Amino acid sequence: MSKRYWLMKCEPGAYTIADLERDGTTGWEGVRNYQARNFMRDDMRVGDGVLFYASNADPSGVTGLATISRAGYPDPFAARQGHDYHDPKHTTEKPIWFSVEIAFVERFANVIPLATLKETRGLEKMMVNQPGSRLSVQPATKREFEIVSRIGRR
DNA sequence: GCCAACGTTGGC
DNA sequence: GCCAACGTTGGC
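Before going into details, it helps to say that this report is about the structure given with it. Residue positions are counted from 1 within each chain, in the order its sequence is given. Throughout, the order in which chains and ligands are written sets their labels, letters from A for the former and numbers from 1 for the latter. Since the coordinates come from a predicted model, pLDDT governs what is reported: local features require at least 70, and pairs of side-chain atoms require 80 or more to be given and counted, while whole-chain, interface and lining totals use all residues. Note that water and hydrogens are dropped before the side-chain values are worked out from all heavy atoms of the structure.

Let's talk about the overall build of chain A
Now for step 1: Looking only at helices and strands, one finds four helices and six strands in chain A.
Now for step 2: For chain A, the α and β elements follow one another from N to C terminus as β-α-β-α-β-β-β-α-β-α.
Now for step 3: Taking 15 Å as the expected radius of gyration for a compact globule of 154 residues, we find that chain A reaches 15 Å, a close match to that expectation.
Now for step 4: Counting only C-alpha atoms and orienting by the principal axes, one finds that chain A spans roughly 45 × 30 × 30 Å.
Now for step 5: Looking at chain A as a whole, 44% of its 154 residues are labelled buried.
Now for step 6: Note on areas: Shrake-Rupley, 1.4 Å probe, and residue coverage restricted to the protein chains presented here. A total of about 8,300 Å² of accessible surface is found on chain A, and carbon and sulfur atoms cover 48% of it.
Now for step 7: Counted as positive: Lys and Arg. Counted as negative: Asp and Glu. His and the chain ends are not counted at all. A single reference atom marks each charge: NZ on Lys, CZ on Arg, CG on Asp, CD on Glu. In chain A, 22 positive and 19 negative side-chain charges are present, and the distance between their average locations comes to 5 Å. The secondary structure listing takes helices from DSSP runs of H or I that are at least 4 residues long and strands from runs of E that are at least 2 residues long, numbered from the N terminus. This radius of gyration counts C-alpha atoms alone. The globule rule is 2.2 Å times how many residues there are, raised to the power 0.38. Burial here depends on accessible area, computed with a 1.4 Å probe over protein chains only, as a share of the maximum for the residue type. Under 20% is buried, over 50% is exposed, and the range in between is partly exposed.

So, in structure tokens, the structure goes:
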């Protein structure tokens, strides 16, 4: 399978592109949505492109680029008693929740606000532009990834 | 902080 | 398996 592209959301209070720039890589834990889980477990491959999206931000939007540096593996926090991400139904033998690891690629000088994404030609079909779309891990097309990257660099 | 949209839970 | 109640997400 050739390289795929993704958009991954995170609230700035939890993690930002600046944090990723500092850390180099980070585990993407705590996703508790089956559709997003399926993407992480089944479809993400090392080298895939990631649009890093800040949600609930001012303004919300794409703040930089990352890449998948480790494909899906059981979410280590899901099995940890007392952890916020603990889920009693998840066991190491039968994991339910999955993480990936992402690596820093680029931090945009300016955030690309959601409003800009919405008014950019070629991005009409992006999931994040659809009303009511709350999925925190979304597929994107190569073309969408390239358009957003170009805006981020100017 | 509001609230609409969406996902999940659980009684029946 | 339906569906109401509830919790969460996330733009505004």
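Description of helix H2 (residues 34-43)
Within an α-helix, residues lying three or four positions from one another point in the same direction, as the helix has 3.6 residues per turn.
Now for step 1: Every buried residue belonging to H2 is among Ala36, Arg37, Phe39 and Met40, and all of these are buried. Buried positions in H2, seen along its axis, are confined to an arc of 160° and lie on one side of it.
Now for step 2: If you follow the buried residues of H2, they end up packed against strand E1 (5-10), strand E2 (25-28), strand E4 (61-74), strand E5 (98-113) and strand E6 (137-140).
Now for step 3: Between the side-chain oxygen of the N-cap and the backbone nitrogen of Gln35 there are 3.0 Å, and the N-cap of H2 in question is Asn33. Directions from the helix axis toward the C-beta atoms define the arc. Residue contacts are counted whenever heavy atoms from the two residues lie within 4.5 Å of one another. We define a polar contact as two N or O atoms separated by no more than 3.5 Å, with the added condition that, inside protein, one atom must be a possible hydrogen donor and the other a possible acceptor, whereas residues neighbouring each other in sequence contribute only through side-chain atom pairs.

Considering the nonpolar core
Now for step 1: Met8, Trp28, Met44, Phe52, Val100, Ile102 and Val137 are the most contacted members of the largest nonpolar core, which totals 20 residues.
Now for step 2: Listing elements by their share of this core, those giving two or more residues are E1, helix H1 (17-23), H2, strand E3 (49-54), E4 and E5.
Now for step 3: Ignoring anything within four residues of it in the chain, the contact list for Ile102 reads Met8, Leu20, Gly24, Thr25, Thr26, Trp28, Phe52, Ala66, Thr67, Ile68 and Ser69.
Now for step 4: Among the buried residues, those of types Ala, Val, Leu, Ile, Met, Phe, Trp, Tyr and Cys that are joined through side-chain atoms within 4.5 Å form a nonpolar core. Core analysis: the next-biggest nonpolar cluster, separate from the first, contains 17 residues, Leu51, Leu117, Leu123 and Ala140 among them.

Topic: the packing of aromatic side chains
Each aromatic ring pair is summarised here by two numbers: the centre-to-centre distance and the angle between the ring planes.
Now for step 1: In this scheme Phe, Tyr and Trp rings, the latter by its six-membered ring, pair at centre separations within 6.5 Å, and the angle between planes marks the pair as stacked below 30 degrees, edge-to-face above 60, and tilted otherwise. For the structure shown, the criterion picks out five aromatic pairs.
Now for step 2: Considering the side-chain rings of Tyr34 and Trp97, the 4.8 Å spacing of their centres and the 35° angle between planes classify their relative orientation as tilted. Here Trp97 lies in the loop between E4 and E5 and Tyr34 lies in helix H2, a separation of 63 residues in the sequence.
Now for step 3: Using a relative accessible area of 4% as the deciding quantity, one classes Trp97 as buried.
Now for step 4: Note on Phe77 and Tyr85: the rings are 6.1 Å apart at their centroids and 35° apart in plane angle, and the pair reads as tilted.

Points about helix H4 (residues 142-153)
Now for step 1: Along its 12 residues, H4 runs 17 Å from first to last C-alpha, staying within 8% of the 16 Å computed at 1.5 Å per residue.
Now for step 2: Within H4, the full set of buried residues consists of Glu144, Phe145, Ile147, Val148, Ser149, Ile151 and Gly152. Helix span is expected to be 1.5 Å times the residue number reduced by one.

Concerning the sheet that holds E5
Now for step 1: For two strands to pair, DSSP has to find at least two bridges joining them. In space, the six strands of this open sheet follow the order E2-E5-E4-E3-E1-E6, with mixed pairing throughout. The outermost strands of the open sheet, each flanked by one partner alone, are E2 and E6. Across this sheet, the average inter-strand angle for adjacent strands is 35°, counted without regard to direction.
Now for step 2: This element, H2, spans E1, E2, E4, E5 and E6 of the sheet and lies at about 110° to E5. Here the axes come from fitting lines to C-alpha atoms, over the contacting stretch only for helices, and the angles between their N-to-C directions go from 0 to 180 degrees.

What to know about the protein's contact with DNA strand B
Now for step 1: Consider each residue's heavy atoms; a residue with any of them within 4 Å of a molecule or strand counts as near. Around DNA strand B lies a shell formed by Asn33, Tyr34, Pro131, Gly132 and Arg134.
Now for step 2: Of all DNA strand B atoms lying within 4 Å of any protein atom, the proportion belonging to sugar or phosphate reaches 65%.
Now for step 3: Lys, Arg, Asp and Glu make up the charged group, whereas Ala, Val, Leu, Ile, Met, Phe, Trp, Tyr, Cys and Pro make up the nonpolar group; the residues left over, Gly among them, are polar. For the surface near DNA strand B, the class distribution of residues is two nonpolar, two polar and one charged.

Nothing here speaks to function; it is all geometry.
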